[in-house]
Amino acid sequence: MIPQPPFDQAVVTRHGWPQAVATVLVALGAMGVVAALGLWAAGASDLPDHAFPRVVAATVVTAVGGTIKLSGSAGGLADTKAGLTVIPLSVTLTGALVLGGGFLRPLRHRAVAGGRELAGWAARIVVLWLPALLALAYAARQTFKLSLGDDTLSDLGDLFGVSPEVGFTTDVPQTLLFGLLWMAGVLVLALLVSARAPLPGRLLPFQESVRPAAHAMVVLLLAYVVLGILVALVVAVTRGHAPETLAVILLGMPNLVWLTLTIGLGATWNGRVEGPFGLPMPHVLDEVLRSKDTATLDLRTLAEHDGRVWWLVVVDAVLLLAVAFLMAARSPARVRAWQHAVHMAVALALTVLMICLVGRISAQYGLSVLGIGDLGGGLGGKLFLEPELWTAVGLGALWGLVTGFLGALPARPVRRKGEIKPDDA
């Protein structure tokens, strides 16, 4: 009789190096495809010097938290300044879903897994992820020559031999650090969200309070993305601008819809847009951000331009009640309504915190020749968008308390694990 391998050894063969290679390659491939299609729709395929592949690499790097540095050079008689901070969250979301699915796939149909086993499986993915990210970081480098136009700056440029250039490079150490943190966050979140993923025995008592809430938040974020895509497609069909709409969907749809999620909760963002910069958002948002030196973006200021903005509150309320019901329906029956409210409050506050951290945008560029041309304006521009962080987090917690309690009430008759007494409400 042929001896059977120990259980742990049989398990390891299900998620060994071949599976890790496939997980990393498929995740990066999916992110690259989404980034390339989005950039193509935005017109980046026409960039000079065959720069398109390097811009795609830079987009994937920023999507996982990497840092891209902008640089400029115009000779000794000119000065340049440039900076960019933005995360293309459509690419980020694609990578997170594919990577998380690949990580969980070999673990399905398991009730419990040892901590050493899970750490070993995650380590295989990390070991392959780091060199792949390093290769992308070194590929994301390019320099472009800029035209000064047909005005005084152009004449001065010809006279003094000024040839302005702008380019981008990757901060490799920061890219590796934040890319590793992003990877770890995705893997941990995948374990938290999936109801069927195995956990070490010591962590099983925590899954009843953490997993339903984490799953509800992921459903909430994905529901907003799907709703945003549907609205964008309707706008593209009825009003045109299909390439621009496709670019927004493939590069920045979560940036837009998760921003509106927080605004519907009552959060406030401050920002400014000047120069040729624009944001992938409805005209009313861009109009408010161009109205003052530092504009306030909230329900009141937006409603002054378009009263339909108040519907954001209704959408938030409906979707939050729906995911609160889902959270309660996936929880054991012995969990009381007030406990659901607390779980929802914590989960929504953390979700809003995440949106505020990854949704910040800042960009600036400028050029001056012999002092002609303001670095902050003139031949340049700047934009920024940042939240009033702790106010937004507090509002998220408050909304979570209310909707968590109300959403748990209709879930009481739903057949679930455990028992509940009539006086346990």
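Above this text sits the structure in question.
What you see is a predicted model; the values in this text were computed from it and never measured.

Novice: I'm lost on the overall build of the chain in this one. Help?
Specialist: Looking only at helices and strands, the chain features 14 helices and 8 strands. Within the chain, the fraction of its 425 residues that count as buried is 46%. Across the chain, contacts joining residues at least 24 apart in sequence account for 77% of those joining residues at least 6 apart. Entry remark: accessible area of the chain is about 21100 Å², with carbon and sulfur atoms responsible for 66%.

Novice: Whenever I open this one, the packing of helix α12 (residues 311-329) against helix α14 (residues 389-408) confuses me. Can you help?
Specialist: Each packed pair of helices is defined by two parameters, the angle between the axes and the distance between the axes. As a packed pair, α12 and α14 sit with axes 8 Å apart at the nearest point and diverge in direction by 55 degrees. With respect to α14, the element α12 is oriented oblique. Note on packing geometry: the crossing formed by α12 with α14 is right-handed. Contacts between α12 and α14 pair Val313, Asp316, Ala317, Leu320, Leu321, Ala324, Phe325 and Ala328 from the former with Trp399, Thr403, Gly404, Leu406, Gly407 and Ala408 from the latter. For the contact of α12 with α14, the class distribution of residues is 10 nonpolar, 3 polar and 1 charged.

Novice: Before we go on, may I ask you to explain the packing of aromatic side chains in this structure?
Specialist: Two aromatic rings, taken as a pair, are described by how far apart their centres are and by the angle between their planes. Summed over the entire model, instances satisfying the criterion amount to 2 aromatic pairs. Aromatic side chains tryptophan 129 and tryptophan 182 sit 5.6 Å apart centroid to centroid with 25 degrees between the ring planes, which places their arrangement in the stacked category. Of this pair, tryptophan 129 sits in helix α5 (residues 115-139) while tryptophan 182 sits in helix α7 (residues 172-193), placing them 53 residues apart in sequence. A relative accessible area of 0% places tryptophan 129 in the buried class. The residue whose ring lies beneath arginine 124 is tryptophan 17, and the NZ or CZ to ring-centre distance is 5.8 Å.

Novice: What is the right way to read α5 from this model?
Specialist: One turn of the α-helix equals 3.6 residues, which is why residues spaced by three or four share an orientation. The terminal C-alpha atoms of α5 lie 36 Å apart, and with 25 residues this matches the ideal 36 Å at 1.5 Å per residue to within 8%. For α5, the complete set of buried residues consists of Glu117, Leu118, Trp121, Ala122, Arg124, Ile125, Trp129, Leu133, Leu136 and Ala137.

Novice: Could you clarify how one ought to interpret a nonpolar patch on the surface in this entry?
Specialist: A grouping of Leu321, Trp338, Val342, Val346, Leu350, Leu398, Leu401, Val402, Phe405, Leu406 and Leu409 is seen on the molecular surface, where their side chains present a nonpolar patch of about 960 Å² in accessible area. Of all the elements in the fold, those that place two or more residues in the nonpolar patch are α13 (337-358) and α14. Of note, valine 402 is situated in helix α14.

Novice: Sorry, what's going on with the nonpolar core here?
Specialist: Nonpolar side chains in soluble globular proteins generally cluster together in the buried interior. Formed by 50 residues in total, the largest nonpolar core has its most connected members in Met217, Leu220, Trp258, Leu297 and Leu302. Counting 44 residues, the second largest nonpolar core, distinct from the first, contains Leu28, Val55, Trp182 and Leu187.

Novice: Is there a simple way to think about the packing of α12 against α13 in this case?
Specialist: Put simply, α12 and α13 touch, their axes get as near as 11 Å, and they point 120 degrees apart. Between α12 and α13, the angle falls in the class oblique. For the pair α12 and α13, the sense of crossing is right-handed. In contact with Leu320, Val323, Ala324, Met327 and Ala328 of α12, α13 contributes His340, His343, Met344 and Leu348.

Novice: Please explain the pattern of salt bridges as it appears in this structure.
Specialist: Proximity of charged atoms lets side chains of opposite charge pair with each other. Enumeration over the complete set of coordinates arrives at 3 salt bridges. Among the ionic pairs, arginine 308 bridges to aspartate 306, the shortest N-O distance being 2.8 Å.

Cut-offs applied
Residues numbered from 1 in each chain as written. Predicted model: local features only at pLDDT ≥ 70, side-chain atom pairs only at ≥ 80, totals over all residues. Heavy atoms only, no water. Helix = DSSP H or I, 4+ residues; strand = E, 2+ residues; numbered from the N terminus. Buried < 20%, exposed > 50% of the residue type's maximum accessible area, 1.4 Å probe, protein only. Contact = heavy atoms within 4.5 Å. Areas by Shrake-Rupley, 256 points an atom, 1.4 Å probe, with all protein chains shown as cover. Axes fitted to C-alpha atoms, helices over the stretch in contact; angles between N-to-C directions. Parallel < 35°, antiparallel > 145°, perpendicular 65-115°, else oblique. Left-handed = near helix turned anticlockwise from the far one by under 90°. Nonpolar A, V, L, I, M, F, W, Y, C, P; charged D, E, K, R; others polar. Phe/Tyr/Trp six-rings, centres within 6.5 Å; stacked < 30°, edge-to-face > 60°. Lys NZ or Arg CZ within 6 Å of the ring centre and 35° of its normal. Expected span 1.5 Å × (residues − 1). Patch = residues over 30% accessible without salt bridge, like charges linked within 9 Å, V, L, I, M, F, W, Y side chains within 5 Å. Salt bridge = Lys/Arg side-chain N within 4 Å of Asp/Glu carboxyl O. Core = buried A, V, L, I, M, F, W, Y, C linked by side-chain atoms within 4.5 Å.

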